[in-house]
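# Coordinate inspection notes
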Amino acid sequence: MRLGIFVGCFVVVAGLVQFGVLPKGLGDSNFIWVLLLATVISAPLSFVLLRKQRDEMSAQLVGKVDGAKARLEANRAQEDGVPQ
């Protein structure tokens, strides 16, 4: 999804540069200028637009980590209960 947002920003910025709304950069740096500008614009957009997906993924990871911690603690408790 983040790549899609970046590609969309790249296309929009490239169009704006072609139509003269944004400056073309210095010399032959047009492609790099458009690439950097699209990156700067897409970063905050993806942060805001992908918040829901990020929160869902975080909740899934917390559940998996809690399960792993519980299994690890259960294994430790088993080892402590074994007479030597």
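Now for a description of the structure that goes with this document. Computed from a predicted structure; not experimentally measured. (Residues numbered from 1 in each chain as written. Predicted model: local features only at pLDDT ≥ 70, side-chain atom pairs only at ≥ 80, totals over all residues. Heavy atoms only, no water.)

## What about the overall build of the chain?
What the chain contains, in helices and strands, is three helices and zero strands. In sequence order, the secondary structure elements of the chain are arranged as α-α-α. Counting all 84 residues of the chain, 12% fall into the buried class. A sequence separation of at least 24 residues applies to 56% of the contacts in the chain between residues at least 6 apart. Of the accessible surface of the chain, which amounts to about 6,800 Å², a share of 68% is contributed by carbon and sulfur atoms. (Helix = DSSP H or I, 4+ residues; strand = E, 2+ residues; numbered from the N terminus. Buried < 20%, exposed > 50% of the residue type's maximum accessible area, 1.4 Å probe, protein only. Contact = heavy atoms within 4.5 Å. Areas by Shrake-Rupley, 256 points an atom, 1.4 Å probe, with all protein chains shown as cover.)

## As for the packing of helix H1 (residues 2–18) against helix H2 (residues 30–49)
The contact between H1 and H2 brings their axes to 8 Å, and the two run at 135°. When the axes of H1 and H2 are compared, the pair comes out oblique. Here H1 and H2 pass one another in a crossing that is right-handed. Residue classes in the contact of H1 with H2 are distributed as 16 nonpolar, four polar and one charged. (Axes fitted to C-alpha atoms, helices over the stretch in contact; angles between N-to-C directions. Parallel < 35°, antiparallel > 145°, perpendicular 65-115°, else oblique. Left-handed = near helix turned anticlockwise from the far one by under 90°. Nonpolar A, V, L, I, M, F, W, Y, C, P; charged D, E, K, R; others polar.)

## Focus on the pattern of salt bridges
The full count for this structure, using the stated rule, is one salt bridge. The salt bridge involving Glu73 is made with Arg76; its shortest N-O contact spans 3.9 Å. Placement of the pair is Glu73 and Arg76 together in helix H3 (residues 51–81), with a separation of three residues, close to one helical turn. (Salt bridge = Lys/Arg side-chain N within 4 Å of Asp/Glu carboxyl O.)

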